[in-house]
Structure formats: structure tokens, C-alpha cells
Amino acid sequence: MSMNVALRLFLLVGALAVFAMVIRKIRKSEMQSSDSVFWLLFAGSFVLFAVLPDIAFVLSDLFGFDAPSNFIFIYAIAILLIKLFSLSAEVARLRQKLVALTQEIALREKR
């Protein structure tokens, strides 16, 4: 059993595109190192699935998926949902901090 060649090429091209975008953002200092590490590891996992498709087969069998491609799509969705949740929590924290700083500045200006 082998993984579809089109899926493997899609994974490689997608991973290379992510690598290129992350490197460009790092060079322009537009991305924090923690975010760049996440995206590089995420893209690296797709390279791993494309180069060693047996990993996707083993994991899809282990978790009960009918096909490795289904596992890869669910894997990507799950990882991105986790990242989205962490970013939402960070936005909420920053929003609270912004409100507190705005209130502090308003109090200082009123004096």
C-alpha cells in the first residue's frame, strides 16, 4: 500500500511554501521565534509524512482511520485548531492588558 503521489507532492510543496514564508518573515523580523518554531515544526511534520508515508499508515491504522490521507487532514485541522485556541487566548490577554494601559494613561492625563 502506498500513499497517493499527488498527496505526497502536495505535502512537500505546501511544506516548502510554509518554510519559505517563515524564513522571509524571520528575515524581516515580522515573526516571533516561538511562532516560527511552531510553523517550521508543523511544515516539517508534513515533509516527514511525504518522505516516510509509512508513518501516516501506522498512525491512521492506530487511530482507526480508513485512509492515511484522512488522518493527515484531521491531523492538520487538529493542530491548527490548537494553535487558533492558543492565539485566541493570547489576544484576550493582550486585550485586557491594552484596556488596563489605556485606563492608566487616561488617569495620568486627568491629573
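Basis of the calculations
Residues numbered from 1 in each chain as written. Predicted model: local features only at pLDDT ≥ 70, side-chain atom pairs only at ≥ 80, totals over all residues. Heavy atoms only, no water. Phe/Tyr/Trp six-rings, centres within 6.5 Å; stacked < 30°, edge-to-face > 60°. Helix = DSSP H or I, 4+ residues; strand = E, 2+ residues; numbered from the N terminus. Buried < 20%, exposed > 50% of the residue type's maximum accessible area, 1.4 Å probe, protein only. Polar contact = N/O pair within 3.5 Å; in protein donor to acceptor, adjacent residues only side chain to side chain. Contact = heavy atoms within 4.5 Å. Salt bridge = Lys/Arg side-chain N within 4 Å of Asp/Glu carboxyl O.

A. Examining the packing of aromatic side chains more closely. Going through the model one piece at a time under the given rule, you end up with eleven aromatic pairs. Aromatic pair Phe42 and Phe46: ring centres 4.9 Å apart, planes at 70°, arrangement edge-to-face. Here Phe46 and Phe42 lie together in helix α2 (residues 33-51), a separation of four residues that amounts to about one turn. Between Phe65 and Phe71, the aromatic rings sit 5.7 Å apart at their centres with planes inclined by 65°, giving edge-to-face as the arrangement. For Phe65, a relative accessible area of 25% gives the class partly exposed. For Phe71, a relative accessible area of 7% puts it in the buried group.

B. Geometry of the side chain of Lys83. By secondary structure assignment, the location of Lys83 is in helix α4 (residues 68-110). Within the local environment of Lys83, its side chain forms a polar contact with the side chain of Asp35, the two groups lying 3.1 Å apart. Apart from the residues lying within four places of it in its own chain, the contact partners of Lys83 are Asp35 and Phe38.

C. Just the pattern of salt bridges, in detail. Applying the stated rule across the entire model yields four salt bridges. Notably, a salt bridge pairs Arg108 with Glu104, separated by 2.7 Å at the nearest N-O pair. Taken together, the residues Arg108 and Glu104, both in helix α4 and four residues apart, mark about one turn of the helix. Owing to a relative accessible area of 56%, Arg108 belongs among the exposed residues under this scheme.

D. Main features of unusual backbone geometry. Phi at Ser29 is positive, roughly 55°, even though this residue is not glycine. On the secondary structure map, Ser29 appears in the loop between α1 (5-27) and α2. A relative accessible area of 65% means that Ser29 is categorised as exposed.

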